[in-house]
Amino acid sequence: MSNTIIVGAQWGDEGKGKVVDFLTSSADVVVRAQGGNNAGHTVICEGKKYILHLLPSGILWPGKTCVIGNGVALDPIGLVTEIETLERQGIAVRPEQLLISDRAHLTLPYHREIDGLREQSRGDQKIGTTRRGIGPTYADKANRTGFRMADTLDTERFLLALRERIAESNDLLTAAGMVPVDPGIVESVLAALARLRPHITNTMAFLHGAITEGRTLLFEGAQGTFLDIDHGTYPFVTSSNTTAGGACTGSGVPPNRIDRVIAVAKAYTTRVGTGPFPTENQDLGDHFHAMGREFGATTGRERRCGWLDLVLLRHAVMINGVDSLAVTNLDGLDQIDPIRICTHYELDGQRLELPPSTIAELERAVPVYETLPAWNTDISACRSWEDLPEAARRYIHRIESLLRVPVGLVSVGPDRNQTLLRDPRWTGLENPSIRVRPEELPAIA
Ligand code: GDP
Ligand code: IMO
Ligand code: MG
């Protein structure tokens, strides 16, 4: 029994869905605590592909409980579509398998439209949002004008307030020359809420009960550290706390009940949307896109690609309190020769080990690289740490050595079985008191 937070260490799409799915075999409850259906988490098992947006990845495992916490921006129409898609793929979503917080805020059709409007008005400064209405939902929450799931239970009252909000939003949209929201959409919202009603409950009470019973909890982060509203590359970020603390505020599970934080990082870096990206490299992007990889799971957009950036990871390790890393997509580097990693930046003659705070500085920062030996071998069939070629193990050792954090899990392909767990101690789900200490890590020059 232990409670583990899984976070993205980069700009999202690190493979969190795959890692959570893999670790769910040793967990009882999987919790989403922030973000909304801007997330797209891919899980592939036995050749079948699932893309999850709001549902925790644990939903693919029978007998596990999934929780959508109070911190999530919940689009009811989107969630019902997702449930129906999954049901068509043969996965049932019953009330006892999916609990939805009565405090979760709703993303409604006008939030999506306003998201589009805000993006349009930013011109060439646009964020490149997923247009899922995430920013406007969290803005309403902060403005104290949002709807929470519990507010929808009194249908008559909710309907009156909803109609009012649609009219207000339509004034805004029409004034900006945008298409207004069809007021008839309330019927679809109510139908979706009726489908979700049996799932709505006090999830905080459930989670505390589960902890008391000694059940194992996994918190599935959405987005990544550098999309965090406080710690990311603001304003090119999402609107929630994607870092470890968000798991607590977004679920009602306090920090002293958390045993471990695992951060997921790709073996290189990707980003969708606009904003600074110091190690971006067009050739790497072209290489991955030609292989059909690195396209967004939610919007299908091409992801921008670059070298692994240890300046970013150093920051991510600090602010998330990372105990262990999961490195995914190591196979992406199979044909890359030579392989580079960014160890620090240089800015105005200064050496930077951590990212600077402004966008202007981050854009001017010059990444400094070290070159590591390539392996030039297909590693996707490796099934244990020992199967990996020497150069691939060295690459992982070098990351551990520079960050002083153990890499507990390595992924060499998208399928559930293409996952190498180095040592159960390094993810610690069974026994959180057993840890690999930084001083046990080899120093690799
Ligand atoms: P998430 O948002 O963090 O869950 O990540 P996404 O699902 O958006 O993006 C990760 C992509 O990488 C998906 O297409 C996964 O199927 C894929 N993936 C995850 N791990 C690996 C890996 O080790 N190798 C390869 N080739 N693909 C991977
Ligand atoms: P997962 O959970 C990658 C990015 C968008 C945009 C910025 C703001 O799959 O890792 P938003 O719609 O949230 O207002 O967009 O954040 N973004 C993501 N990028 N993975 C995600 O989720 C993302 N969710 C949002 O591309 O740059
Ligand atoms: Mg994703």
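The structure displayed is predicted, hence computed values, not measured ones. (Residues numbered from 1 in each chain as written. Chains lettered and ligands numbered in written order. Predicted model: local features only at pLDDT ≥ 70, side-chain atom pairs only at ≥ 80, totals over all residues. Heavy atoms only, no water.)

**Comments concerning the site of ligand 2**
Counted only if it meets this: Note on definitions. A residue lies near a molecule or strand when any single heavy atom of the residue is within 4 Å of it. Here a polar contact is taken to be a pair of N or O atoms separated by no more than 3.5 Å, where protein atoms must pair a possible hydrogen donor with a possible acceptor and residues adjacent in sequence count only if both atoms sit in side chains. Think of it as three bins: nonpolar holds Ala, Val, Leu, Ile, Met, Phe, Trp, Tyr, Cys and Pro, charged holds Asp, Glu, Lys and Arg, and polar takes everything else, Gly as well. Where each domain starts and ends comes from a domain assignment, either automatic or drawn from a database.
Taken together, 20 residues sit near ligand 2, with Asp 13, Lys 16, His 41, Thr 130 and Thr 238 positioned nearest. Within the side chain of Thr 130, an N or O atom sits 2.6 Å from an oxygen atom of ligand 2. Here Thr 238 contributes a side-chain N or O atom positioned 2.6 Å from an oxygen atom of ligand 2. Taken together, the residues of the shell around ligand 2 break down into seven nonpolar, ten polar and three charged. The two domains that each donate at least three residues to the shell around ligand 2 are domain 1 (4–88 + 202–440) and domain 2 (106–199).

**Some points on the domain arrangement of the protein chain**
Convention followed: Between two residues, a contact is recorded if the distance between any of their heavy atoms is within 4.5 Å. When two parts are put together, the accessible area they lose, computed with a 1.4 Å probe and summed over both, is reported as buried area.
Looking at the protein chain, the domain boundaries give domain 1 (4–88 + 202–440) and domain 2 (106–199). Computed over C-alpha atoms only, the centres of domain 1 and domain 2 are separated by 29 Å. Counting residues at the interface gives 28 residues for domain 1, matched by 25 residues for domain 2. The contact between domain 1 and domain 2 buries some 2000 Å² in all, and 62% of this surface belongs to carbon and sulfur atoms. Considering only the side of domain 1, the residues that lose the most area to domain 2 are Leu 74, Pro 76 and Ile 77, jointly responsible for 24% of the buried surface there.

**Some thoughts on the nonpolar core**
Threshold: Throughout, nonpolar core names a set of buried Ala, Val, Leu, Ile, Met, Phe, Trp, Tyr and Cys residues whose side chains join them through atoms within 4.5 Å. Burial classification: accessible surface area is computed with a 1.4 Å probe over protein chains only, and a residue below 20% of its type maximum counts as buried, one above 50% as exposed, and the rest as partly exposed.
Residues Leu 330, Trp 375, Leu 388 and Tyr 395 are the most contacted members of the largest nonpolar core, which totals 69 residues. Sequence-distant contacts of Trp 375, that is, excluding residues within four places in its chain, are made with Leu 330, Leu 333, Asp 334, Ile 339, Pro 389, Ala 391, Ala 392 and Tyr 395. Core analysis: the second largest hydrophobic core is formed by 54 residues, Leu 108, Ile 114, Leu 159 and Leu 162 among them.

**Here we look at the environment of Gly 214**
The following threshold applies: We count a stretch as a helix when DSSP gives it H or I for four or more residues in a row; a strand needs E for two or more, and each element gets its number in order from the N terminus.
Tracing the backbone shows Gly 214 in the loop between α7 (203–212) and β10 (217–220). For the pair Gly 214 and Met 1, spaced 213 residues apart in sequence, the C-alpha separation works out to 5.7 Å.

**A closer look at unusual backbone geometry**
Backbone torsion omega between Tyr 234 and Pro 235 reads 5°, so that peptide bond is classified as cis. Between Asp 337 and the following residue, Pro 338, the backbone shows a cis peptide bond with an omega angle of 0°. Along the chain, the position of Pro 338 falls in the loop between β15 (324–328) and β16 (339–347). If you check the backbone angles, Gln 223 has positive phi at about 60° while not being a glycine. On the secondary structure map, Gln 223 appears in the loop between β10 and α8 (244–249). We classify Gln 223 as buried; its relative accessible area is 8%. You will see that Asn 376, though not glycine, has its phi angle at about 45°, which is positive. You can see Asn 376 is positioned in the loop between β18 (366–372) and α12 (390–403).

**As for the coordination of the magnesium ion (ligand 3)**
Quick reminder of the rule: For Na, K and Ca the donor cut-off is 3.2 Å; for every other metal, N, O and S atoms count as donors within 2.8 Å. Water does not enter the count, which can leave sites looking incomplete.
Protein ligation of the magnesium ion (ligand 3) involves Asp 13 (OD) and Gly 40 (O), the donor distances falling in the range 2.0 to 2.2 Å. Here the residue Asp 13 occupies a position in the loop between β1 (3–8) and α1 (16–24), and Gly 40 occupies one in the loop between β2 (29–32) and β3 (41–45), the gap between them amounting to 27 residues. Its relative accessible area of 11% is what places Gly 40 among the buried residues.

**As for the packing of aromatic side chains**
We apply this condition: Stacked, tilted and edge-to-face pairs are distinguished by plane angle, under 30 degrees for stacked and over 60 for edge-to-face with tilted covering the rest, among Phe, Tyr and Trp rings (Trp via its six-membered ring) whose centres lie within 6.5 Å. Placement of a positive charge over a ring is assigned whenever Lys NZ or Arg CZ falls within 6 Å of the ring centre and within 35 degrees of the normal to the ring plane.
Scanning the entire structure with this criterion turns up five aromatic pairs. Look at Tyr 268 and Phe 288: their rings are 4.3 Å apart centre to centre, the planes differ by 25°, and that puts the pair in the stacked class. One end of the pair, Tyr 268, is in the loop between β11 (260–266) and β12 (269–271); the other, Phe 288, is in helix α9 (residues 282–290), with 20 residues separating them in the sequence. Here the aromatic rings of Trp 375 and Tyr 395 are separated by 5.9 Å at their centres, their planes lie at 65°, and the arrangement is edge-to-face. With Trp 375 in the loop between β18 and α12 and Tyr 395 in helix α12, this pair connects stretches of sequence that are 20 residues apart. You'll find Trp 375 and Tyr 395 in the same group, each marked buried. In this arrangement the basic side chain of Arg 340 is found over the ring face of Tyr 369, its NZ or CZ atom lying 4.2 Å from the centre. Note that Arg 422 overlies the ring of Trp 385, its terminal NZ or CZ placed 3.9 Å from the centroid.

**Some details on the side chain of His 53**
On the secondary structure map, His 53 appears in the loop between β4 (48–52) and β5 (65–68). Judged by relative accessible area, His 53 falls into the buried class, the value being 19%. Excluding residues that lie within four positions of it along the chain, His 53 makes contacts with Arg 32, Gly 36, Asn 37, Ala 39, Gly 40, Glu 82, Ala 297 and Thr 298.

**Details of the site of ligand 1**
As a structural note, the neighbourhood of ligand 1 is formed by 19 residues, with Lys 16, Thr 42, Asn 329, Asp 331 and Ser 411 the closest of them. Gly 15 is positioned such that a nitrogen or oxygen atom in its backbone is 2.8 Å from an oxygen atom of ligand 1. The contact in question runs from an oxygen atom of ligand 1 to an N or O atom on the side chain of Ser 411, over 2.5 Å. Those elements that place two or more of their residues in the shell around ligand 1 are α1 and β3. By residue class, the composition of the shell around ligand 1 is three nonpolar, nine polar and seven charged.

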